[in-house]
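Chain residues, written in single-letter form:
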Amino acid sequence: MSYRTADSLPPVTLDDVRGAQKMLSGVARVTAMEGSRHLSQLVGAPVHLKCENLQRTGSFKLRGAYVRIAGLLPEERAAGVVAASAGNHAQGVALASSLLGVRSTVFMPKGAPLPKISATQDYGAEVRLHGQVVDETLAAAQEYAAETGAVFIHPFDHPDVIAGQGTVGLEILEQCPEVRTIVVGIGGGGLAAGIAMAVKSLRPDVRIVGVQAAGAAAYPPSLAAGHPIAVDNPATMADGIKVGRPGDVPFRIIGDLVDEVRTVSEDELATALLLCLERAKLVVEPAGASPVAALLSDPGAFAGPVVAVLSGGNVDPVLLERVLRHGMAAQGRYLAVRLRLTDRPGALATLLGVLSVVDANVLDVSHVRTDPRLGLTEAEVELHLETKGPVHCVEVGQALREAGYTVID
């Protein structure tokens, strides 16, 4: 089915979502709902985590992709499908196509994480790298569709995709019928729109809160203007929600049914990812951790029971290492400090002795002796330390100054 505007598409209904749920039986997992004691104590009400990071392909995207492709006519299936994605939709389309016996081509940004590229290929898709952000990749995939006749499978801007994602909402109501607030990340808006449609149709009293990364937050200005507005150069570690413009179809639904859209910072995303790993023992990508970041940033704003949707767990190990260090720094558990000392034998050992007394664990040391800024008998040292929190960081700095070292801010 070809389309151009939201007005040319049929609306998404509860019956569509229920039909998608039947179609996905035996294909998509009914993912676990895990309680979080730490978040519950913080919010002052029960908090549950909907673990779509444990879905097949590692995210909710399989749901919408399968429903969309399964609904194609025989001649459309014969032409193959094409998609564009930073990774999660790519894997969903690749697996759904393989299950349905359809040829798939997937365009991915040049900076897409290597594990996501490899997984997409392993699921059976041909991968082509193009552009730096998802919006550029989308344009390339649409051009390919026009040239070859392949059916373009949009990651969020189609009723079938939204209906498939809406099955997450039905599962939430089945698993946590007493839910009062659902918190879900928003990129283009397919997941939030699907959940809102399903849940509000059955439980209009449930509050739906969307979350965007502050550096890629197109929905707040778009909702204020009453129409989708593109954000130039979206920037966030959360590549799963790094979308420059809301989808036309989900925008209408979100504008009508989502109660609030919040934004979270990169520090808050990193801290949330670290919490999921440490406290919940769940590997979650930054986009998937965005609802937890919202809870951490303003815990008193959410009436419980609360369900936070962990939308995906496909995180590049290299990015995970960086994010974990960033999260530790945001919590005061990782400290980088530069200081000057006299360049003489044993000076570094003496410095490390001071750090040992205050129980700061040295992770890395960089020692510079030749620099125009330094005096003839000076050396500069940069230390990366593992600390125990903000108070400990202050204690470390105080101990260094009391020992006579010049700390460079």
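Worth saying up front: this structure is predicted, and the values here are computed from it rather than measured. (Residues numbered from 1 in each chain as written. Predicted model: local features only at pLDDT ≥ 70, side-chain atom pairs only at ≥ 80, totals over all residues. Heavy atoms only, no water.)

### Here we look at the sheet that holds strand β3 (residues 81-84)
At step 1: With respect to topology, 4 strands assemble into an open sheet ordered β5-β4-β3-β6, the strand pairing being parallel. The sheet is open, and its two borders are formed by β5 (126-129) and β6 (151-153), each paired with just one other strand. Geometrically, the sheet is characterised by an average inter-axis angle of 25° between neighbouring strands, direction not taken into account.
At step 2: Note that β3 and β6 share 3 bridges and pair parallel. Counterpart to V81 in the pairing with β6 is V151. (Pairing = 2+ DSSP bridges. Helix = DSSP H or I, 4+ residues; strand = E, 2+ residues; numbered from the N terminus. Axes fitted to C-alpha atoms, helices over the stretch in contact; angles between N-to-C directions.)

### Remarks on the layout of surface pockets
At step 1: Roughly 300 Å³ of volume is contained in the second largest pocket.
At step 2: Examining the composition of the lining of the second largest pocket, we find that 3 residues originate from one element, helix α14 (residues 317-330), more than from any other.
At step 3: Class assignment for the residues of the lining of the second largest pocket results in 9 nonpolar, 3 polar and 4 charged. (1 Å grid on protein atoms, 1.4 Å probe; cavity = no way out; pocket = protein on both sides within 12 Å on 5 of 7 lines; lining within 4 Å. Points joined across faces, edges and corners; volume = space filled by probe spheres on them. Nonpolar A, V, L, I, M, F, W, Y, C, P; charged D, E, K, R; others polar.)

### Some words on helix α15 (residues 347-357)
At step 1: Where α15 is concerned, the buried positions are A347, L351, V354 and L355. Each buried residue of α15 sits inside an arc of 95° when the element is viewed along its axis, so together they form one side. Turned more than 90 degrees away from the buried face of α15, the exposed residues are A349, S356 and V357. (Buried < 20%, exposed > 50% of the residue type's maximum accessible area, 1.4 Å probe, protein only. Arc of directions from axis to C-beta.)

### Some words on unusual backbone geometry
Of all residues except glycine, most have a negative phi; of all peptide bonds, most are trans.
At step 1: Note that the residue after G304, namely P305, is joined by a cis bond; omega there is 0°.
At step 2: Assignment of secondary structure puts P305 in the loop between α13 (290-297) and β10 (306-310).
At step 3: Of note in the backbone geometry, K281 takes a positive phi value of approximately 60° without being a glycine.
At step 4: Structurally, the position occupied by K281 is in the loop between α12 (266-278) and α13.
At step 5: Exposure remark for K281: the relative accessible area of 65% places this residue in the exposed category.
At step 6: You will see that D359, though not glycine, has its phi angle at about 60°, which is positive.
At step 7: The residue D359 is located in the loop between α15 and β12 (361-368) in this model.

### Some points on the sheet that holds β10
At step 1: Pairing is mixed across the open sheet formed by 6 strands, whose spatial order is β1-β2-β10-β7-β8-β9. The open sheet is flanked by β1 (33-35) and β9 (260-264), the only strands paired with a single partner. Averaged over all pairs of adjacent strands, the angle between strand axes in this sheet comes to 25°, irrespective of strand direction.
At step 2: Lying on the sheet, α12 is in contact with β8 (207-213), β9 and β10; it crosses β9 at an angle near 90°. (Contact = heavy atoms within 4.5 Å.)

### A short note on the confidence of the model for the protein
At step 1: Considering every residue of the protein, the mean pLDDT works out to 89; 93% of them sit at 70 or more.
At step 2: Ignoring residues within four places in sequence, the model shows residues 1-5, a span with pLDDT below 50, making 10 contacts including any to other chains. (pLDDT = per-residue confidence, 0-100.)

### Here we look at the nonpolar core
At step 1: I69 and I182 are the most contacted members of the largest nonpolar core, which totals 54 residues.
At step 2: Tallying contributions element by element places helix α9 (residues 190-202) first for this core, with 8 residues.
At step 3: Discounting residues that sit within four places of it in the chain, I182 has contacts with I172, I195, V199, V206, R207, I208, V209, V307 and V309.
At step 4: Residues C51, C276, L282 and V292 belong to the second largest nonpolar core, which totals 38 residues. (Core = buried A, V, L, I, M, F, W, Y, C linked by side-chain atoms within 4.5 Å.)

### Thoughts on empty space enclosed by the protein
At step 1: Counted under the stated rule, the structure contains 1 cavity of 30 Å³ or more.
At step 2: In this structure, the largest cavity encloses a volume near 330 Å³.
At step 3: In terms of lining, the largest cavity is formed by 30 residues, of which the most central are F60, K61, G240, I241 and V243.
At step 4: At the level of secondary structure, the elements contributing two or more residues to the lining of the largest cavity comprise α5 (88-100) and α9.
At step 5: No other element matches α9, which puts 3 residues into the lining of the largest cavity.
At step 6: Taken together, the residues of the lining of the largest cavity sort by class into 12 nonpolar, 14 polar and 4 charged.

### Here we look at the pairing of β3
At step 1: Neither face of β3 is open: one carries V81 and A83, the other V82 and A84, and all of them are buried.
At step 2: Bridge count between β3 and strand β4 (residues 104-108): 4 bridges; the pairing is parallel. Pairing of A84 across the sheet is with F107, part of β4.
At step 3: Handedness of the crossover joining β3 and β4 through α5 is recorded here as right-handed. (Right-handed = clockwise from strand over helix to strand, strands pointing away.)

### Details of the side chain of T236
At step 1: With respect to the helices, strands and loops of the structure, T236 is situated in the loop between α10 (219-225) and α11 (248-257).
At step 2: A polar side-chain atom of T236 sits 3.1 Å from the main-chain amide nitrogen of A238.
At step 3: In this structure the side chain of T236 is engaged in a polar contact, spanning 2.9 Å, whose partner is the side chain of E266.
At step 4: Setting aside chain neighbours within four positions, we find T236 in contact with A213, A216, K242, E266 and L269. (Polar contact = N/O pair within 3.5 Å; in protein donor to acceptor, adjacent residues only side chain to side chain.)

### Some points on the pattern of salt bridges
At step 1: Across all of its chains, the model carries 13 salt bridges by this definition.
At step 2: The shortest N-O distance in the salt bridge between D359 and K388 comes to 2.3 Å. Residue D359 is found in the loop between α15 and β12, and its partner K388 is found in the loop between β13 (378-386) and α16 (390-402); the two are separated by 29 residues along the sequence.
At step 3: Looking at K388, the relative accessible area reads 58%, which means it is exposed. (Salt bridge = Lys/Arg side-chain N within 4 Å of Asp/Glu carboxyl O.)

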